[in-house]
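Tertiary structure, described
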Amino acid sequence: MVFMRFRPRIFSPSLFRPSKPRTPTLAASPPLAAAARRRSIVSMASTTSEDALRRALAERQAAVDAQAEAVRALKAAGGAVAAKAEVDAAVEALKALKVEAGAAARRLQAAVGAGGGGAAREEMRQAVVNTLERKLFYIPSFKIYRGVAGLYDYGPPGCAVKANVLAFWRQHFVLEENMLEVDCPCVTPEIVLKASGHVEKFTDLMVKDEKTGTCYRADHLLKDHCKEKLEKDLTLSPERAAEFKHVLAVLDDLSADELGAKIKEYGIVAPDTKNPLSDPYPFNLMFQTSIGPTGLNVGYMRPETAQGIFVNFKDLYYYNGQKLPFAAAQIGQAFRNEISPRQGLLRVREFTLAEIEHFVDPEDKSHPKFSDVANLEFLMFPRELQLSGESAKLVKLGEAVSKGTVNNETLGYFIGRVYLFLTRLGIDKNRLRFRQHLPNEMAHYAADCWDAEIECSYGWIECVGIADRSAYDLRAHSDKSGVPLVAHEKFSKPREVEKLVIVPSKKDLGLAFKGNQKMVVEALEAMSEKEAMDMRAALESKGETNFQVCTLGKDVVITKKMVSISMEKKLEHQRVFTPSVIEPSFGIGRIIYCLFEHSFYTRPSKSEEEQLNVFRFPPIVAPIKCTVFPLVKNQEFDDAAKVIDKALTTAGISHIIDTTAISIGRRYARTDEIGVPFAVTVDSATSVTIRERDSKEQIRVGIDEVASVVKQLTDGQSTWADVSFKYPSHIGPQGDQ
């Protein structure tokens, strides 16, 4: 995606690609959600309206040009007073047309800004990032040494958010789906990554500044050029705009030659120096290292966590009682030597992945719990809508599976579970879509692939990949290691089956092919049933036949005495097969960044002279669940706060006590800015108030009930509406400065 898995056939390791925000000053508290939904609807409908506006502007500009030419012709003609009056009228008409063209340009600019960019999203992104860095959610690593691109540190609240997201991921997937969790090393021997294809094909296409040698991602440069033209060039014709949009839609599907051709066609140069660029060429993204002191045992920092699960399949299958289906999961660090990291947490060189490998019988991909998610309805973007230039549409998951849009129930089940996970975290469902991979975008072995994409200020960001990878991974490691990674289905009664038996004569093959004998034997043994029977027929009729050996790169002549081919009937007590793999792969950093943007809003202070920042984290994600504020410096209130502190600690609720000598309103605002959902104000020795962050409503509860009420709220056992109904409301200081 994502984040995570490479697709060998197309040489692309990226699972995540970029996205649209909210302006920080337009929204306020709960109404923000409605505003975001309206913006999302506008953005999805923008393509058609944008084309119409571009045509309207082009027509008005053409009218302006024609009228200007008419004015010039009249002035050149000169003449009497009557002619002067005619010129004046023509000039007035020209002015009116220019006003109309200006209005059309402003309408187009507004539409482009709403749909894909503009100053508003930049302003919003800056407000979010400034707040995150100021409050130490995350900061550039090695800051005092000017940092290193693509590396970030999580600060205290960022660590807490990340830990909460991962804890919920474990609850939602590992526990609820009875998965087997593993923890494998980050350093991986080269042979493992050769088998998986990473050593040869885990690449991005790179171009170099021909004079300075500075490197850039080729697809990033092309994408930036197209987006800038669409957002800033109001003179683009609808046809040219459609061309740029098409390039953006198929960007991940372009070959090196196609990327290079587009870069030359559009005159794209190095962003910093304006120097010409080299042709695109592949760059392997893995960090190479050595295992042991000799340097002879080559290893790599893993670019994903999945391979550790695949190589352990045999032991995991045994641990699971040799039963399918079952799933294994892993959370861990992965490493990619990105060519030009940018976009903060969205494209980094070290990141956290959470991956699931669900092993299933390839002949039965039904799922017993699919009915639990079949009625979910959300934005889906199947390949036919992408290829026809349409937008994502609301689709019921059950319908998508029944119509074959989604390949099978198990893949559909995990798509539904991913949707529930993201929306329960706090991702806006109207800014979340599931995009199906285009035909040439998918690896040749994959049955179907979908990406969960989240819209933020950078565009649509690929955050989760959900793929049916067939049996590719287990077969690749079986072939390389010589250890069969297979499953067994035992029959209640033995079954008689016909089996293909190929017996090469190594003696005769050795005499004929000498050092190439092994490659010829392997090719013969790897024949399909049809190939083998065609060879047998040819050998019986002609005594010899031509046979292509791919590893030799040529045809060889096989004679009748070199190989025996037959079909034999056998009684089988079990079926041996390589399981298929359904793989949901989560880029945790990307999800967290999108969550930051989706949760951020501002509201006016009491004086209305400044905007107060708020993160609307759900309690399950919030870094701190509640704060405790003694209203004034008073021994009685301090003692009560200590009692509450102890009770909250015993209940396992993260909290802070704030006794600073500032107003209660400023203390509320300070904790709202880091997303604390509840604030306990101690204004009595027997009862206190609990304030909810977004509504700013307050209730009064007894001191001995505080911990249980907050626990119910943060665990999701009760809602704010539930406790508001049960306890008396309280009118007190609000969260304004």
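What you see is a predicted model, and the numbers here were worked out from it, not measured in a lab.

1. Quick look at the pattern of salt bridges
- By the definition in use, this model includes 38 salt bridges.
- Its salt-bridge partner being glutamate 338, residue arginine 217 comes within 3.7 Å of it at the nearest N-O pair. Within this pair, whereas arginine 217 is found in strand β6 (residues 215-217), its partner glutamate 338 is found in the loop between β10 (326-335) and β11 (350-360), the two being separated by 121 residues in sequence. Note on accessibility: arginine 217 and glutamate 338 belong to one class, buried.

2. Some words on the nonpolar core
- Formed by 72 residues in total, the largest nonpolar core has its most connected members in Trp169, Phe421, Leu422, Phe434, Phe586 and Phe596.
- When residues in this core are grouped by element, the largest group, ten residues, is from helix α14 (residues 409-425).
- Each of domain 2 (176-199 + 289-486 + 578-605) and domain 5 (624-726) gives at least three residues to this core.
- Grouped together as the second largest cluster of nonpolar side chains are 24 residues, Phe637, Ile703, Trp720 and Tyr727 included.

3. As for the sheet that holds strand β8 (residues 288-290)
- Taken together, the three strands give an open sheet; going across it, the order is β4-β9-β8, and neighbouring strands pair in antiparallel fashion. On the outer flanks of this sheet lie β4 (187-189) and β8, each paired with one strand and no other. The average angle at which neighbouring strand axes cross in this sheet is 45°, direction not considered.
- Of the strand pairs in this sheet, β4 and strand β9 (residues 298-301) are connected by three bridges, and their pairing is antiparallel. Bridge assignment links threonine 188 to a residue of β9, and that residue is tyrosine 300.

4. Quick word on the domain arrangement of the chain
- In terms of domains, the chain is made up of domain 1 (52-115), domain 2 (176-199 + 289-486 + 578-605), domain 3 (203-284), domain 4 (493-577) and domain 5 (624-726).
- Distance from the C-alpha centre of domain 2 to the C-alpha centre of domain 4: 38 Å.

5. Concerning the pairing of strand β24 (residues 626-630)
- Among the five residues of β24, five are classified as buried, and the element is accordingly described as predominantly covered.
- Residues Cys626, Val628 and Pro630 point to one face of β24 and Thr627 and Phe629 to the other, with burial holding for every one of them.
- Bridge count for β24 against strand β25 (residues 655-657) is three bridges, and the pairing is parallel. By the bridge assignment for β25, cysteine 626 is matched with histidine 655.
- Both β24 and strand β26 (residues 678-682) contribute to a ladder of five bridges, which runs parallel. Pairing of cysteine 626 across the sheet is with phenylalanine 678, part of β26.

6. Comments concerning the layout of surface pockets
- Within this model, the second largest pocket holds a volume of roughly 580 Å³.
- If you go around the second largest pocket, you meet 22 residues; those closest to its centre are Pro619, Ile620, Thr714, Asp715 and Gly716.
- At the level of elements, α4 (156-175) and α22 (706-714) are the ones that each hand at least two residues to the lining of the second largest pocket.
- With four residues, α4 is the largest single contributor of residues to the lining of the second largest pocket.
- Looking at the lining of the second largest pocket residue by residue, the classes come out as nine nonpolar, seven polar and six charged.

7. Side note on a nonpolar patch on the surface
- Where nonpolar side chains cluster on the molecular surface, the patch consists of Phe142, Ile144, Tyr145 and Val148 and spans about 510 Å² of accessible area.
- Within the fold, valine 148 resides in the loop between β1 (138-140) and β2 (152-154).
- A relative accessible area of 39% means that valine 148 is categorised as partly exposed.

8. Section: the UniProt feature "domain: Aminoacyl-transfer RNA synthetases class-II family profile" (unreviewed entry) in the chain
- The sites that UniProt annotates as "domain: Aminoacyl-transfer RNA synthetases class-II family profile" (unreviewed entry) are residues 126-604.
- Along residues 126-604 the backbone is 36% helical and 30% strand, and the end-to-end C-alpha distance reaches 18 Å.

9. Quick look at the sheet that holds β24
- Read from one edge of the open sheet, six strands run β25-β24-β26-β27-β28-β29, paired in mixed fashion. Where the open sheet ends on each side, the last strands, each with one partner, are β25 and β29 (729-730).
- Sheet strands touched by helix α20 (residues 635-650): β24, β25, β26 and β27 (687-692). Its angle to β24, the strand with the most contacts, is close to 165°.
- In the packing of helix α21 (residues 664-672) onto the sheet, the strands contacted are β24, β25, β26, β27 and β28 (698-702), and the crossing angle to β24 comes to about 165°.

10. Topic: helix α8 (residues 238-249)
- Counted at 1.5 Å a residue, the expected span for α8 with its twelve residues is 16 Å, and the 16 Å between its end C-alpha atoms agrees.
- Residues of α8 that are buried: Pro238, Ala241, Phe244 and Val247.

11. Quick word on helix α7 (residues 218-232)
- The first and last C-alpha atoms of α7 sit 21 Å apart over 15 residues, in line with the 21 Å expected at 1.5 Å per residue.
- Judged by how many residues are buried, α7 sits mostly within the fold: eleven of 15 residues are covered.
- Turning to α7, its buried residues number three or more, namely Ala218, Asp219, His220, Leu221, Leu222, Lys223, His225, Cys226, Lys227, Leu230 and Glu231.

12. Details of unusual backbone geometry
- In this chain, leucine 324 is followed by proline 325 through a cis amide linkage whose omega measures -5°.
- Summarising the element assignment, proline 325 is placed in the loop between α11 (313-319) and β10.
- In this structure, glutamine 322 is a non-glycine residue whose phi angle is positive, near 55°.
- With respect to the secondary-structure elements, glutamine 322 resides in the loop between α11 and β10.

13. Remarks on the state of the cysteines
- In total, this model carries zero disulfides according to the counting rule given.
- You can see cysteine 186 has no disulfide; the closest cysteine sulfur is in cysteine 184, sitting 9.7 Å from it.
- When its relative accessible area of 25% is taken as the criterion, cysteine 186 is described as partly exposed.
- Counting only cysteine sulfurs, cysteine 463 is the nearest neighbor of cysteine 449, a cysteine outside any disulfide, at a range of 17 Å.

14. Some thoughts on the packing of aromatic side chains
- Scanning the model with the defined rule gives 27 aromatic pairs in all.
- Seen in terms of ring centroids, phenylalanine 173 and phenylalanine 421 are 5.5 Å apart; in terms of plane orientation they differ by 55°. Their pairing is tilted. Highlighted residues: phenylalanine 173 in helix α4 and phenylalanine 421 in helix α14, separated in sequence by 248 residues.
- For phenylalanine 173, a relative accessible area of 0% puts it in the buried group.
- Where phenylalanine 313 meets phenylalanine 326, the ring centres are 5.9 Å apart and the plane angle is 20°; that geometry is what we call stacked.

15. Section: the environment of aspartate 219
- By secondary structure assignment, the location of aspartate 219 is in helix α7.
- For aspartate 219, a relative accessible area of 12% translates into the label buried.
- Remark: the alpha-carbon pair of aspartate 219 and glutamate 544, spanning 325 residues in sequence, is separated by 51 Å.
- Discounting residues that sit within four places of it in the chain, aspartate 219 has contacts with Leu251, Asp252 and Leu259.
- A polar side-chain atom of aspartate 219 sits 2.7 Å from a polar atom in the side chain of arginine 217.

16. A short note on the packing of α4 against helix α19 (residues 588-599)
- One can describe the packing of α4 onto α19 by two numbers: an axis separation of 11 Å at closest approach and a directional angle of 115°. The angle between α4 and α19 places the two elements in the roughly perpendicular class. Like other packed secondary-structure pairs, α4 and α19 cross with a definite hand, here right-handed. Of α19, the residues touching α4 (which contributes Val161, Lys162, Val165 and Leu166) are Ile588, Ile592, Leu595 and Phe596.
- Grouping the amino acids of the contact of α4 with α19 by side-chain chemistry returns seven nonpolar, no polar and one charged.

About the cut-offs
Along every chain, residues carry numbers that run from 1 in the direction the sequence is written. Local features in this predicted model are restricted to residues whose pLDDT is 70 or higher, and side-chain atom pairs enter the listing and the counts only when it is 80 or higher, whereas totals over whole chains, interfaces and linings include all residues. Calculated side-chain values reflect all of the structure's heavy atoms, with hydrogen atoms and water omitted. Within this document, salt bridges are pairs made up of a side-chain nitrogen of Lys or Arg and a carboxyl oxygen of Asp or Glu, the two lying within 4 Å of each other. Secondary structure elements follow DSSP: runs of H or I of four or more residues count as helices, runs of E of two or more count as strands, with numbering from the N terminus. Residue burial is assigned from relative accessible area. The probe radius is 1.4 Å, only protein chains are included, and a residue is buried under 20% of its type maximum, exposed over 50%, and partly exposed in between. Buried Ala, Val, Leu, Ile, Met, Phe, Trp, Tyr and Cys residues that are joined via side-chain atoms within 4.5 Å together make up what is termed a nonpolar core. An automatic or database domain assignment is the source of the domain bounds shown. If DSSP finds at least two bridges between two strands, the strands pair. In this analysis an axis means a line fitted to C-alpha atoms, helices contributing only their contacting stretch, and an angle means the value between N-to-C directions, from 0 to 180 degrees. A cavity, in this analysis, means grid points on a 1 Å lattice covering only the protein atoms where a 1.4 Å probe fits yet has no way out; a pocket is instead an open set bounded by protein on both sides within 12 Å along at least five of seven lines, and a residue lines either one if it has an atom within 4 Å of a point. Grid points are joined across faces, edges and corners, and a volume is the space filled by probe spheres set on the points. Three classes are used: nonpolar for Ala, Val, Leu, Ile, Met, Phe, Trp, Tyr, Cys and Pro, charged for Asp, Glu, Lys and Arg, and polar for all others, with Gly counted as polar. To count toward a patch, a residue needs a relative accessible area over 30% and no salt bridge; like charges are then connected within 9 Å, while nonpolar side chains (Val, Leu, Ile, Met, Phe, Trp, Tyr) are connected within 5 Å. Areas reported here follow the Shrake-Rupley algorithm with a probe of radius 1.4 Å; residue values treat only the protein chains shown as occluding. UniProt positions are given in the numbering used here, feature names are shortened, and annotations may be inferred rather than shown by experiment. Contacts were defined at the residue level, with two residues in contact if any of their heavy atoms lie within 4.5 Å. Each residue after the first adds 1.5 Å to the expected span of a helix. Disulfide assignment relies on a single distance test, namely cysteine sulfur atoms paired within 2.5 Å. Only centres within 6.5 Å qualify two rings of Phe, Tyr or Trp (six-membered ring in Trp) as a pair; their planes then separate them into stacked at under 30 degrees, edge-to-face at over 60, and tilted for everything else. Polar contact criterion, stated in full: a pair of N or O atoms within 3.5 Å, where within protein one must be able to donate a hydrogen and the other to accept it, and residues adjacent in sequence count only if both atoms are side-chain atoms. An angle counts as roughly parallel when it lies under 35 degrees, as roughly antiparallel when it exceeds 145, as roughly perpendicular when it falls between 65 and 115, and as oblique in every other case. Helix crossings fall into two classes, left-handed where the near helix is turned counterclockwise from the far one by less than a right angle and right-handed where it is turned clockwise.

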